[in-house]
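Single-letter residue listing:
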Number of protein chains: 2
Amino acid sequence: MEEIQLIFAKNLKMIREKEKLSLEKVSQLCGVSKTMIGQIERGESSPTLTTIWKIANGLKVSFTTLINNPQPDTEIIIREDVQLLSEDDGRYRVYPIFPFQEDSRFEIYTVEIEREGTLSAEAHKDGTEEFIMVFDGELVMRVNEDEYHLKRGDSIRFKADRPHIYRNPGDTLTKLSMTIYYPN
Amino acid sequence: MEEIQLIFAKNLKMIREKEKLSLEKVSQLCGVSKTMIGQIERGESSPTLTTIWKIANGLKVSFTTLINNPQPDTEIIIREDVQLLSEDDGRYRVYPIFPFQEDSRFEIYTVEIEREGTLSAEAHKDGTEEFIMVFDGELVMRVNEDEYHLKRGDSIRFKADRPHIYRNPGDTLTKLSMTIYYPN
DNA sequence: TCAAAATGTACAATATAACGACCGTTATGT
DNA sequence: ACATAACGGTCGTTATATTGTACATTTTGA
């Protein structure tokens with residue numbers, strides 16, 4: 001998402017104001033135009049790797065400082081605010097609720113599959129595991145050559161470093177949560 | 001410099017090959033065009049912050065992994081390879097020998113000033129210190145309202161968070177080393 | 001109080017990042 | 001050996017990052 005732009009923007013502005021520098025000064029310090037610095041601070045531009053480097057170097061701050069997102073202790077995610085990923089002619093909907101984080105190394109989605117909807121997934125990175133919990137409807141998981149039939153309340157864990165298919169065999173909408181863990 | 005591009009390029013290619021992924025696969029995984037991935041790997045493109053994020057997220061690697069430069073234990077820098085920064089109508093030359101590093105927090109230059117050459121420096125970030133050693137010729141340092149006259153072999157250390165001026169008052173070329181330390 | 005400088009933004013021009021379609025070469029498999 | 005798919009790269013087009021100039025507003029200083 002463009003989330004990262006806003007994080008960068010906020011950090012840059014914070015640093016600049018803490019150091020009491022004008023856009024002009026930062027511009028000279030970094031060798032990047034004043035205009036560009038301004039646009040980046042307003043989240044209007046997605047700076048290039050080289051300009052990111054120029055800024056980090058000019059301000060003598062670490063790369064990480066600029067892209068680091070200070071997470072609040074508590075955060076609430078509203079369903080409507082989550083960008084949905086849909087395919088198979090809209091027969092399923094994927095909501096990335098908690099995106100991947102480098103430290104925790106997992107991400108959590110909720111998924112809705114319409115009747116007869118199918119979701120085919122490529123093999124993920126080596127060692128990846130998935131944890132599925134069915135909250136509504138039914139689910140048929142196909143991993144390798146094996147099929148598993150899950151009903152409401154059932155759960156499944158499997159190595160996801162191989163192709164796998166989610167299918168709703170029933171008449172009602174299937175709702176499930178999907179946690180994906182990527183080992184180091 | 002475009003150094004950072006090549007670092008990113010090398011890291012990306014290394015990761016892709018370690019995971020045995022094709023450009024196509026990486027493209028799908030990240031939502032970035034195959035062409036772009038290829039160009040980045042070849043160091044031909046300076047990716048945007050958002051595409052950097054897409055790649056890091058798609059590959060499930062940390063931002064830092066992609067821009068990290070594994071420093072060799074020993075490194076030799078050839079004078080001719082150093083990009084020189086020159087001004088005052090070429091009356092002085094600045095060579096960035098050891099650029100700034102986040103961990104060590106200092107950078108080292110060598111500087112040559114022709115006769116009557118002058119180098120005016122803005123105030124650096126708060127708390128910054130400079131360490132100058134004169135190897136050839138003479139140097140007049142002006143810090144605040146004070147002037148210091150240095151001869152070959154002399155050295156000076158001063159708080160550089162205020163404007164300061166380097167001047168060669170003599171007839172011969174002045175050569176010096178300049179170390180700048182930026183505290184956290 | 002008023003002129004002059006400083007500060008952040010708007011705009012037009014240019015450079016280049018990003019994409020999709022196409023191409024030549026190299027694996028693949030039957 | 002042959003057809004097919006996979007792979008990495010090139011090319012032309014589009015989107016957008018980046019720059020310099022100009023502008024409106026605020027700050028500064030005497």
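Further up the page is the structure itself.
Residues numbered from 1 in each chain as written. Chains lettered and ligands numbered in written order. Predicted model: local features only at pLDDT ≥ 70, side-chain atom pairs only at ≥ 80, totals over all residues. Heavy atoms only, no water.

> Explanation requested: the overall build of chain A in the structure shown.
Counting secondary structure elements, chain A contains 5 helices and 10 strands. Over its C-alpha trace chain A gives a radius of gyration of 22 Å, far above what one expects of a compact globule, namely 16 Å for 184 residues. Each principal axis of the C-alpha distribution contributes one length, and for chain A these read about 65 × 30 × 30 Å. Buried residues in chain A amount to 43% of all 184 residues. When contacts within chain A are restricted to residue pairs at least 6 apart in sequence, long-range pairs at least 24 apart make up 62% of them. Treating the 24 positive side-chain charges of chain A as one cloud and the 32 negative ones as another, the clouds have centres 7 Å apart. (Helix = DSSP H or I, 4+ residues; strand = E, 2+ residues; numbered from the N terminus. Rg over C-alpha atoms; globule rule 2.2 N^0.38 Å. Buried < 20%, exposed > 50% of the residue type's maximum accessible area, 1.4 Å probe, protein only. Contact = heavy atoms within 4.5 Å. Lys, Arg positive; Asp, Glu negative; His and termini not counted. Charge placed at Lys NZ, Arg CZ, Asp CG, Glu CD.)

> Could you clarify how one ought to interpret the interface of chain A and chain B in this entry?
By a widely used convention, the size of an interface equals the accessible area lost when the partners come together. On the chain B side, the residues contacting the 29 residues of chain A number 28 residues. Across the chain A/chain B interface, buried area totals approximately 2,600 Å², and carbon plus sulfur atoms make up 66% of it. Taken together, the connections running from chain A to chain B amount to 2 salt bridges. Glu107 of chain B is the salt-bridge partner of Lys60 of chain A, the closest N and O atoms lying 3.2 Å from each other. Counting the contacts that link chain A with chain B gives 12 residue pairs in polar contact (both at pLDDT 80 or more). When contributions to the side of chain A that touches chain B are tallied by element, the ones reaching two or more residues are α1 (3–18), α4 (49–59) and α5 (63–67) of chain A. Of all the elements, α4 of chain A adds the most residues to the side of chain A that touches chain B, at 6 residues. (Buried area = accessible area lost by both parts, 1.4 Å probe. Salt bridge = Lys/Arg side-chain N within 4 Å of Asp/Glu carboxyl O. Polar contact = N/O pair within 3.5 Å; in protein donor to acceptor, adjacent residues only side chain to side chain.)

> Which parts of the structure should I look at to understand the packing of helix α2 (residues 23–30) of chain B against helix α4 (residues 49–59) of chain B?
In a pair of packed helices, the angle between the axes and the distance between the axes together describe the arrangement. Residues and elements named next belong to chain B. Contact geometry of α2 with α4 gives a least axis separation of 8 Å together with a crossing angle of 100°. Taken as axis vectors, α2 and α4 run roughly perpendicular relative to one another. Mapping the contact onto sequence places Val26, Leu29 and Cys30 in α2 and Lys54, Ile55, Gly58 and Leu59 in α4. (Axes fitted to C-alpha atoms, helices over the stretch in contact; angles between N-to-C directions. Parallel < 35°, antiparallel > 145°, perpendicular 65-115°, else oblique.)

> For this particular structure, what's the right way to read the sheet that holds strand β6 (residues 139–143) of chain A?
Two orientations exist for strands paired in a sheet by backbone hydrogen bonds: parallel and antiparallel. All names here are of chain A. In space, the 4 strands of this open sheet follow the order β4-β9-β6-β7, with antiparallel pairing throughout. In this open sheet, the two edge strands, each paired with only one partner strand, are β4 (118–121) and β7 (146–150). Shown here is a sheet whose adjacent strand axes are inclined to one another by a mean of 15°, direction ignored. Direction of pairing for β4 relative to strand β9 (residues 164–167): antiparallel, over a ladder of 4 bridges. Considered in β9, the bridge of Ala121 is made with His164. (Pairing = 2+ DSSP bridges.)

> Looking at this model, I keep getting lost on the protein's contact with DNA strand C. Mind explaining?
Of all residues adjacent to DNA strand C, which total 18 residues, the nearest are Leu23 of chain A together with Ser33, Met36, Thr48 and Thr51 of chain B. Take the atoms of DNA strand C that sit within 4 Å of the protein: sugar and phosphate atoms are 66% of them. Here a phosphate oxygen of DNA strand C and a backbone polar atom of Ser33 of chain B are 2.9 Å apart. In this structure, Thr48 of chain B approaches DNA strand C through a side-chain N or O atom, which is 2.9 Å from a phosphate oxygen. Contributions of two or more residues to the surface near DNA strand C are made by α3 (34–41) of chain A together with α3 (34–41) of chain B. (Near = heavy atom within 4 Å.)

> Even after reading the chapter, I still don't get the packing of α1 of chain A against α4 of chain B, so can you show me in this structure?
Running from N to C, α1 of chain A and α4 of chain B point in directions that differ by 120°, and their axes come no closer than 9 Å. With respect to their mutual orientation, α1 of chain A and α4 of chain B come out oblique. By crossing handedness, the relation of α1 of chain A to α4 of chain B is classed as right-handed. Here α1 of chain A contributes Ile4, Gln5 and Phe8 of chain A to the contact with α4 of chain B, which in turn contributes Leu49, Thr50 and Trp53 of chain B. Classifying every residue of the contact of α1 of chain A with α4 of chain B by side-chain character gives 4 nonpolar, 2 polar and no charged. (Left-handed = near helix turned anticlockwise from the far one by under 90°. Nonpolar A, V, L, I, M, F, W, Y, C, P; charged D, E, K, R; others polar.)

> What exactly am I supposed to notice about the side chain of Ser46 of chain A here?
By secondary structure assignment, the location of Ser46 of chain A is in the loop between α3 and α4. Among the polar contacts listed, one links the side chain of Ser46 of chain A to the backbone nitrogen of Leu49 of chain B, at a separation of 3.3 Å. A polar side-chain atom of Ser46 of chain A sits 3.0 Å from the main-chain amide nitrogen of Thr50 of chain B. If we ignore the near neighbours within four places in the chain, the residues touching Ser46 of chain A are Gln5 of chain A together with Thr48, Leu49 and Thr50 of chain B.

> Help me out: how do you make sense of the relation of the copies chain A and chain B in this one?
Two copies of one chain are present, and they are related through a rotation about an axis combined with an axial shift. Expressed as a screw operation, the relation of chain A to chain B combines 0.0 Å of axial shift with a rotation of 180°, fitting to an RMSD of 0.1 Å. On the angle and the small slide along the axis, the relation comes out as a two-fold axis. For chain A, the residue whose C-alpha comes nearest the rotation axis is Thr48 of chain A, separated from it by 2.1 Å. In this assembly, 97% of the residues forming the interface of chain A have copies in chain B that are likewise at the interface, indicating an isologous arrangement. (Least-squares fit on C-alpha atoms with pLDDT ≥ 70 in both.)

> How should I be thinking about the sheet that holds strand β6 (residues 139–143) of chain B in this particular structure?
All names here are of chain B. Spatially, 4 strands are ordered β4-β9-β6-β7 in an open sheet, and the strand pairing comes out antiparallel. The open sheet has two free edges, formed respectively by β4 (118–121) and β7 (146–150), since each of these has just one partner strand. Mean inter-strand twist for the sheet, computed between neighbouring axes without regard to direction, equals 15°. When β6 meets strand β9 (residues 164–167), the two strands line up antiparallel, connected through 4 bridges. Across the sheet, residue Met141 finds its bridge partner in β9, namely Tyr166.

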